[in-house]
Amino acid sequence: MASEAIKGKTVPLDWNEVFYTNCPLVSASNVDQELGWTREEYKKIGVDYSYFRSRAGNDWYPHYIHNLDNLIRFGGLFPPIHVQADVRRTRLLGATHAPREGGCLMVRARDDIYRMVELKGKKVGLTKSLNTIKNDWWRIQEHMQITLMLRVNGMTWDDVEMVEFPYPDDWYDNEEMLRPIENPSEWQLKRDHKHDLAFRPLEQALLDGKVAAIYSQSKVFQHLQEATGKLKAIEDLTRYPDWTLQVANIPAVITCSDVMAEEHPELVVAFMKGMIRVGRWANAHQHAAAAILNKQTYYLDVEDTFEGIKEIDMVPNLSPQNIASIEIGKEFMLRHGYIQNDFDVREWVAPKFAERAAKELLDEEWKRAAHERWSTESTLRLG
C-alpha cells in the first residue's frame, strides 16, 4: 500500500505524543479544540495531545495523506477514502453526518433562470486541482452532487456544457501558511474566512458570467452567497426525502493509522472518550456549541450555525446509515476514477474503540457517582 504520494515534512515518530487534525465543519473535534477535554484524556495516560500544525516540523499534507502514524483525523469523507484505497491502511473509528447538507446549484440572482431544465445547453463549472499529492475533494463533491441534481430533474451531463477550471491548489507550501498554529481556529481568525473567495473557487467565474451555474454546499456557503444579493439557488438536494443524496464529502469521519490501532489502542480509546464527552455536551448545549463552531465553519453566523446543527448528532457513531453513506461516496469515487483501488468499507470500520471508550466513560461515571453518594452518607452519619 506504500505510495509515492507519501512524502512531505513530518516530525520523528514519538508515541508519547498524539496529533489531531480536523476540517472546518461540524464535528466534536471542532468543539473540543476550544474545550480541551480530549487533551485531559491524554493527560490521564501521560501523553501529549496537540494540533498537528503546532509543530513546525509538520507540513499540511498529513491532513490529506495520513503520513503520520500518531495522527488522528476527523474531517471530510473523500480524503480518507482515498488514503484507505490508494495510500495506506487506516481504521475508521466513527462518523458524524449532516443529514440536510447535500448541496445546491447556484446561479446569478438576476439571471432569467429558475429551474434546472433551463440550464440546457448552458455552461456549468467544475474545478480541477493540479495538486497531485492530495485528493481533489472539492471537485469530487461538485461532480457527484451536480450529477445527482441533473438526474432528479431528468437530465444528464450531456444536457449541459461542463467547463473545467484548473487551479494550482498549492497554498500548502506557502511560507505564511507553514508557520506553526496552536489551534485550528487561529488560521481562520487571521483572515475573513466567511468572505474569502479562496474558499469558494468558482464564485467569481459565475459572477463574471463565464459559467451559468456552480455547485455550493447547502446551508454552508449557500447562505453566505445568498446574503450578498448576487446569487440564488435553483436546486437544493436537501429538499428531497432521499437520504442517499446527502453524501457531499460527508459524513465526516474519524480515522487513525493501522499502526496506532494495532500497537497503541489506548491512544485511540483516549481520543474516542474525548469525542463522546464533547459530543454529548454539544448535543445538550447546542447554542454554545454553535458559537464555537461559528469561528471555523461557513454558516452565515452563530444563529445560522445553531439552525444548521439542530439535526446533527455530535456524538460520533457507526450506524448502518452512516456506513451506507460512506459506501455511496466510495463507490462514486471508484466509478469515476478518483481512487484506483477498491476496498470493503465494512472491513475498514473498527467499532471496538468507541465501544471501549463508552464503557470506560460509563464505569468512571458510576464510580464517581458512587463515591459522591458514599461521601454524602458518611458525612450525614458523622454529623
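Keep in mind that this is a model prediction, so the values were computed, not measured.

Section: the overall build of the protein
A count of helical and extended segments in the protein gives 15 helices and 10 strands. Taking 383 residues into account, the globule formula puts the C-alpha radius of gyration at 21 Å, and the protein, at 22 Å, falls close to it. The buried share of the protein, reckoned over its 383 residues, is 56%. When contacts within the protein are restricted to residue pairs at least 6 apart in sequence, those whose partners lie at least 24 apart make up 80%. Per element, the accessible surface of the protein, about 17000 Å² overall, is 51% carbon and sulfur.

Here we look at the sheet that holds strand 5 (residues 104-108)
Read from one edge to the other, the open sheet built from three strands follows the order 8-5-9, with strand pairing classed as antiparallel. Sheet topology places strand 8 (214-216) and strand 9 (231-236) at the edges, where each strand pairs with a single neighbour. Each adjacent strand pair in this sheet contributes to an overall mean axis angle of 45°, direction not counted. Docked against the sheet, helix 5 (residues 137-152) engages strand 5, strand 8 and strand 9, running at close to 105° with respect to strand 8.

Considering the packing of helix 2 (residues 37-44) against helix 10 (residues 265-284)
Running from N to C, helix 2 and helix 10 point in directions that differ by 145°, and their axes come no closer than 8 Å. Both helix 2 and helix 10 take part in a crossing whose hand is right-handed. Residues W37, T38, E40, E41 and Y42 of helix 2 lie in contact with helix 10, whose contacting residues are L267, A270, F271, K273, G274, M275, R277, V278 and W281. Residues that form the contact of helix 2 with helix 10 fall into these classes: eight nonpolar, two polar and four charged.

Regarding the environment of G229
Mapped onto the elements, G229 comes out in the loop between helix 8 (222-227) and strand 9. Sequence separation between G229 and R280 is 51 residues, and the spatial gap between their C-alpha atoms is 37 Å.

Overview of helix 2
Among the residues of helix 2, those classed as buried are T38, E41 and Y42. Along the axis of helix 2, the buried positions cluster into a sector of 95°, meaning they face one direction only. Exposed and oriented more than 90 degrees from the buried face of helix 2 are K43 and K44. Residues of helix 2 that are buried make contact with strand 1 (17-22), helix 1 (28-35), strand 2 (48-51), strand 3 (71-75) and helix 10. A positive backbone phi angle near 70° is found at G46, which sits one or two residues after helix 2.

Focus on helix 13 (residues 320-335)
Here helix 13 contains 16 residues, and its C-alpha end-to-end distance of 22 Å stays within 8% of the 22 Å for a straight helix at 1.5 Å per residue. In this structure, the buried side of helix 13 is in contact with helix 4 (78-87), strand 4 (90-96), helix 5, strand 10 (252-257) and helix 14 (345-348). With its phi angle positive at about 80°, G337 sits one or two positions after the end of helix 13.

Notes on the sheet that holds strand 10
Strands belonging to one sheet form pairs held by backbone hydrogen bonds; the direction of such a pair is parallel or antiparallel. Strands sit in the order 2-1-3-10-4 across an open sheet of five strands; the sheet is mixed. A single partner strand is all that each edge strand has here, and the edge strands are strand 2 and strand 4. Taken pair by pair, the neighbouring strands of this sheet meet at an average axis angle of 20°, ignoring direction. Taken together, the four bridges between strand 1 and strand 2 define a ladder with parallel strand orientation. Residue pairing across strands places F19 opposite S50, the latter belonging to strand 2.

Cut-offs used in this document
- Along every chain, residues carry numbers that run from 1 in the direction the sequence is written.
- Since the coordinates come from a predicted model, pLDDT governs what is reported: local features require at least 70, and pairs of side-chain atoms require 80 or more to be given and counted, while whole-chain, interface and lining totals use all residues.
- Think of the side-chain values as coming from all heavy atoms in the structure, minus any hydrogens and water.
- Starting at the N terminus, helices and strands are each numbered in turn, a helix being any DSSP run of H or I of at least four residues and a strand any DSSP run of E of at least two.
- Two things to know: the radius of gyration comes from C-alpha atoms, and the globule rule equals 2.2 Å times the number of residues to the power 0.38.
- The buried label goes to any residue with under 20% of its type's maximum accessible area, the exposed label to any with over 50%, and the partly exposed label to all in between, with areas taken from a 1.4 Å probe on protein chains only.
- What makes two residues a contact is simply this: any of their non-hydrogen atoms within 4.5 Å.
- Only the protein chains shown count as cover for residues, and all accessible areas are computed by the Shrake-Rupley method using a 1.4 Å probe.
- Here, a strand pair is defined by DSSP locating no fewer than two bridges between the strands.
- Between the N-to-C directions of two axes lies an angle of 0 to 180 degrees, each axis being a line fitted to C-alpha atoms and, for a helix, fitted only over the stretch in contact.
- Here is the rule for handedness: rotate from the far helix to the near one, and if that takes an anticlockwise turn smaller than a right angle the crossing is left-handed, while a clockwise turn gives right-handed.
- Amino acids outside the nonpolar list (Ala, Val, Leu, Ile, Met, Phe, Trp, Tyr, Cys, Pro) and the charged list (Asp, Glu, Lys, Arg) are all regarded as polar, and Gly is one of them.
- In this description, one arc is meant: the one made by directions from the helix axis to the C-beta atoms.
- Expected span of a helix: the number of residues minus one, times 1.5 Å.

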